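One-letter residues, chain by chain:
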Amino acid sequence: MQDKLFIDGQWVAPADGMTLPVIDPATEEVFHEIAAAGAAEADTAVKAAREAFDHGPWPRLPGKERAKYLRAMAQGIRDRLPELARMETRDNGKPLPESEWDLADAAGCFDFYADLAEELDGEVEEVKLGDARFISKAVREPLGVAVAIVPWNYPLLMASWKVAPALAAGCTMILKPAETTSLTALELGVIADAAGLPKGVLNILSGKGSVVGQALIEHSHVDKVAFTGSGPVGSRIMAAGAKDIKRISLELGGKSPFVVFADSDIEKAVEWIMFGIFWNQGQVCSATSRVLVEAPLYPKLLERLVKEAKKIKMGNGLDAGTLLGPLVNKGQYEDVLRHIDRAVEQGATVVCGGKYDGFDKGFWVTPTILTDMALDSDAWVEEIFGPVVCIRPFETEEEAIRLANDSRFGLAAAVMSADDERCERVAAAFRAGIVWINCSQPTFTEAPWGGYKQSGIGRELGRWGLDNYLETKQITRLVSDEPWAWYLKD
Ligand code: NAD
């Protein structure tokens, strides 16, 4: 496990020697210390990335050459997958099979963007002009030095969603993982180094968001900030970037609806509702945390959901059979419990769930189902980011759509019905960037990911993810011998 920072191809300790503890959320054991970078290290890393971009080989390499490094990094992740997955689970708490799944996806992300890097070679779009005296073309180029700031819920996967397209595009990058879950992101430095990535192309700084994160987003030599995390930090990034017009892409939170019509298969509905909110302990930006059920199905579905939720096996993510691990840290645990208490104060009923005291140590919240929330209550409106689902009945399709869209967020939405036309109609009416029909949460590297409204700006993944790290240049050439004769008329 790394305890230094990866800057300009070297592992270095922070000048002031600051560290952060690494705590296993299942046992509260401090099992490692990581380096906490400060403003000085932010500046050194940005200078290294700037130098690598302005004078190094990376942005000038053909895409097919960059692709080789990306594929080597994908392989580097795969080669160490069992070890990295255990590290992720100890750091974050999630069940081991989920960590294995995340890391396989992270490797796949590097392979996917390796393919797109190859496609960039020779990519020139002829622009059709209405004027025959000129021809014009559009070419795409890497936009410069990018900063990636990522959260703790999918530590290496969220990092890969940014590092892989940035490197494929030819950008250089500084990655700032979340302070609670930096271990696998730091290992990406080891993997990049083993892949032979030129120095300065990828720099990795663990440390506090308010210190090193803030220094990075304010740095005048940074061209782009790609962020996944909370709305308030997203706002700060926009404000900091406004000063020198940085490119900004944001993946923020959500309060996503899941609309279930009465003609749905109840088994499938219960399965996908549970996957939509209890997977990763509900610490998922796209979690379908507001469930709307057509009235005739509501009582039966609620009864079945409660029965199944109570059966979910909680435990240390490293133990076989665990389906729900601890929340990521004490702060998040206390936050989720505060949300549940507040829901009760505001009139909601806790049908099942809440705090769990069955283990001596760790940050445990049982699968929680809330009913009877007012539409303006915090539980219905605010993101809880834990295994807490709000469920209520509806009468008509119009009402379901209105309630689903009545949110300042617009990240994801799901609909379930046996009627395909109705599903398509509701999918079209949702104001959300990601819509699932008859399921919730499946995510693919090839498909666009991002939110409407206050859930973010821009799209990650797929070819849209690459666009985040490219500038488009117009090159127009005069091809006519006719004189222009605006000034030089004679
Ligand atoms: P957070 O915003 O506190 O932290 C995210 C990252 O930002 C961390 O790396 C943190 O160190 C850094 N950061 C904090 N303050 C900063 C500052 N002043 N300047 C620069 N960087 C700073 O959020 P979190 O607690 O890590 O994650 C939970 C939130 O993230 C939830 O609201 C969730 O919805 C959201 N999220 C969204 C997505 C998505 O895809 N849209 C994915 C995961 C999480």
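Residues numbered from 1 in each chain as written. Predicted model: local features only at pLDDT ≥ 70, side-chain atom pairs only at ≥ 80, totals over all residues. Heavy atoms only, no water.

Q: Please set out the sheet that holds strand 18 (residues 412–416) residue by residue, giving values where relevant.
A: Spatial ordering of the open sheet is given by 14-15-16-13-12-18-19, a layout of seven strands whose pairing is mixed. With partners counted over all chains shown, the strands left at the sheet margins are strand 14 (349–355) and strand 19 (434–437), one partner each. Within this sheet the neighbouring strands show an average axis-to-axis angle of 20°, counted without direction. Sheet topology note: the strand 12 (residues 257–260)/strand 18 ladder contains three bridges and is parallel. Considered in strand 18, the bridge of V259 is made with V415. Strand contacts of helix 14 (residues 420–429): strand 18 and strand 19, with the helix running at about 165° to strand 19, the strand carrying the most contacts. (Pairing = 2+ DSSP bridges. Helix = DSSP H or I, 4+ residues; strand = E, 2+ residues; numbered from the N terminus. Axes fitted to C-alpha atoms, helices over the stretch in contact; angles between N-to-C directions. Contact = heavy atoms within 4.5 Å.)

Q: Before we move on, could you go through the site of the ligand and cite the residues and values that matter?
A: In the region of the ligand, 27 residues are neighbours, and K176, E179, S230, L252 and E383 sit closest. Within the side chain of W152, one N or O atom sits 2.9 Å away from an oxygen atom of the ligand. Within the side chain of S230, a nitrogen or oxygen atom sits 2.6 Å from an oxygen atom of the ligand. For the ligand, whose accessible area on its own is 840 Å², the fraction buried by protein is 89%. In this structure the site holding the ligand corresponds to the largest pocket. For the shell around the ligand, the elements supplying multiple residues, two or more each, are helix 7 (209–218), strand 10 (224–228) and helix 8 (231–242). Ranked by the residues each element gives to the shell around the ligand, the list is headed by helix 7, at four residues. (Near = heavy atom within 4 Å. Polar contact = N/O pair within 3.5 Å; in protein donor to acceptor, adjacent residues only side chain to side chain. Areas by Shrake-Rupley, 256 points an atom, 1.4 Å probe, with all protein chains shown as cover. 1 Å grid on protein atoms, 1.4 Å probe; cavity = no way out; pocket = protein on both sides within 12 Å on 5 of 7 lines; lining within 4 Å. Sits in = over half its atoms within 2 Å of the grid points.)

Q: Account for the pattern of salt bridges, naming residues and giving values.
A: For the coordinates displayed, the defined rule picks out 32 salt bridges. Linking D115 and R71 is a salt bridge whose minimum nitrogen-to-oxygen distance equals 2.5 Å. Of the two residues, D115 sits in helix 4 (residues 96–120) while R71 sits in helix 2 (residues 63–79), which places them 44 residues apart along the sequence. Taking relative accessible area as the criterion, D115 reaches 36% and is therefore assigned partly exposed. Overall, the relative accessible area of 30% leaves R71 in the partly exposed class. (Salt bridge = Lys/Arg side-chain N within 4 Å of Asp/Glu carboxyl O. Buried < 20%, exposed > 50% of the residue type's maximum accessible area, 1.4 Å probe, protein only.)

Q: I'd like a rundown of the packing of aromatic side chains, residues and numbers included.
A: On inspection of all chains with the given rule, the structure shows 16 aromatic pairs. Ring plane angle 65° and centroid distance 5.2 Å describe the contact between Y356 and F359, whose orientation is recorded as edge-to-face. With relative accessibility at 30%, the residue Y356 sits in the partly exposed group. Feature note: the residues W101, Y154, W272, F275 and W279 constitute an aromatic cluster, connected by ring pairs. For the cation-ring pair, R392 lies above W380, with the distance from its terminal atom to the ring centre recorded as 5.5 Å. (Phe/Tyr/Trp six-rings, centres within 6.5 Å; stacked < 30°, edge-to-face > 60°. Lys NZ or Arg CZ within 6 Å of the ring centre and 35° of its normal.)

Such coordinate-based values are descriptive only and should not be taken to indicate function.
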